[in-house]
Amino acid sequence: QQAIREFEELGEADPDHPDYVEGRADGRLALAEMLRTLGRDKDEVDAYDQAITDYESLIRAIPDAPRFRARRAITRTDKGQLLHELDLNPRAAEALQLALSELRDLLKTFPSVELQGATAATFLIIGQVQSDLGQDDEAEATLRSAAEAYEALAAEHTDLLFREGW
């Protein structure tokens, strides 16, 4: 309880403090997950948008911290997945293309397992969106990119698969 009080005091004293903004973004992502279970789709999209806005604030405040760019990209992928599930494919495609562009850029400098997995998943969802939009040739190429990304991830990190009991 003391930690919660201190966090709230920090937010009241300096609402733009990076620690507070990051905590708020994390809270909004947790809220989005809860809203999903309740079937409150519009509110879930809004929670993702607010988290993205928080990450953009953090990127401006601490431009040398790639984790905020990564989290913004992954949040955009999550939002794109939701929009695809809601059959709002043009909006999904926009969010997913922004996510993919940022993930690919980040991978050039920070080739982490998390970013590789997020990139492969984003390719997969984009391929599904393209297929639903009737863009069959593009969908085939994108789904091929997703398969290649998953294959590369598995080939580079077989140790993780075995360690995790796969």
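Our structure's up above, just so we're on the same page.
Keep in mind the model is a prediction, meaning the values are calculated, not measured.

**Q** For a nonpolar patch on the surface, give the residues involved together with the corresponding values.
**A** Judged by side-chain polarity, L31, M34 and L38 come together as a nonpolar surface patch covering roughly 270 Å² of accessible area. Its place among the elements puts L31 in helix α2 (residues 18–38).

**Q** Which residues make up the environment of A99, and what values do they have?
**A** Of note, A99 is situated in helix α5 (residues 89–109). Measuring from C-alpha to C-alpha, the distance between A99 and A118 comes to 9.2 Å, with 19 residues separating the pair along the chain. A99 has contacts with A73, R76, T77 and T122, leaving out every residue within four places of it along the chain.

**Q** I'd like a description of the packing of helix α4 (residues 66–85) against helix α6 (residues 113–132), backed by residues and values.
**A** Packed helix pairs are characterised by how far apart their axes lie and by the angle those axes make with each other. The contact between α4 and α6 brings their axes to 10 Å, and the two run at 30°. Between α4 and α6, the angle is such that the two are roughly parallel. As for how α4 packs across α6, the hand of that crossing is left-handed. Touching A70, I74, T77, Q81 and H84 of α4 are E114, L115, A118, T122, I125, Q128, V129 and D132, all from α6.

**Q** Account for the side chain of E102, naming residues and giving values.
**A** Take E102: it is sitting in helix α5. A relative accessible area of 8% means that E102 is categorised as buried. The residues contacting E102, other than those within four sequence positions of it, are R69, R72, A73 and R76.

**Q** Residue-level account of the pattern of salt bridges, with values.
**A** Overall, the coordinates contain 17 salt bridges when judged by the stated rule. Two residues, E22 and R71, come together in a salt bridge whose shortest N-O distance is 2.7 Å. A residue pair is termed long-range when its members are at least 10 positions apart, and E22 in helix α2 and R71 in helix α4 qualify at 49 residues. Judged by relative accessible area, R71 falls into the partly exposed class, the value being 22%. The residue R28 makes a salt bridge to D54 at a minimum N-O spacing of 2.7 Å. Highlighted residues: R28 in helix α2 and D54 in helix α3 (residues 41–61), separated in sequence by 26 residues.

Procedures and definitions
Residues numbered from 1 in each chain as written. Predicted model: local features only at pLDDT ≥ 70, side-chain atom pairs only at ≥ 80, totals over all residues. Heavy atoms only, no water. Patch = residues over 30% accessible without salt bridge, like charges linked within 9 Å, V, L, I, M, F, W, Y side chains within 5 Å. Areas by Shrake-Rupley, 256 points an atom, 1.4 Å probe, with all protein chains shown as cover. Salt bridge = Lys/Arg side-chain N within 4 Å of Asp/Glu carboxyl O. Helix = DSSP H or I, 4+ residues; strand = E, 2+ residues; numbered from the N terminus. Contact = heavy atoms within 4.5 Å. Axes fitted to C-alpha atoms, helices over the stretch in contact; angles between N-to-C directions. Parallel < 35°, antiparallel > 145°, perpendicular 65-115°, else oblique. Left-handed = near helix turned anticlockwise from the far one by under 90°. Buried < 20%, exposed > 50% of the residue type's maximum accessible area, 1.4 Å probe, protein only.

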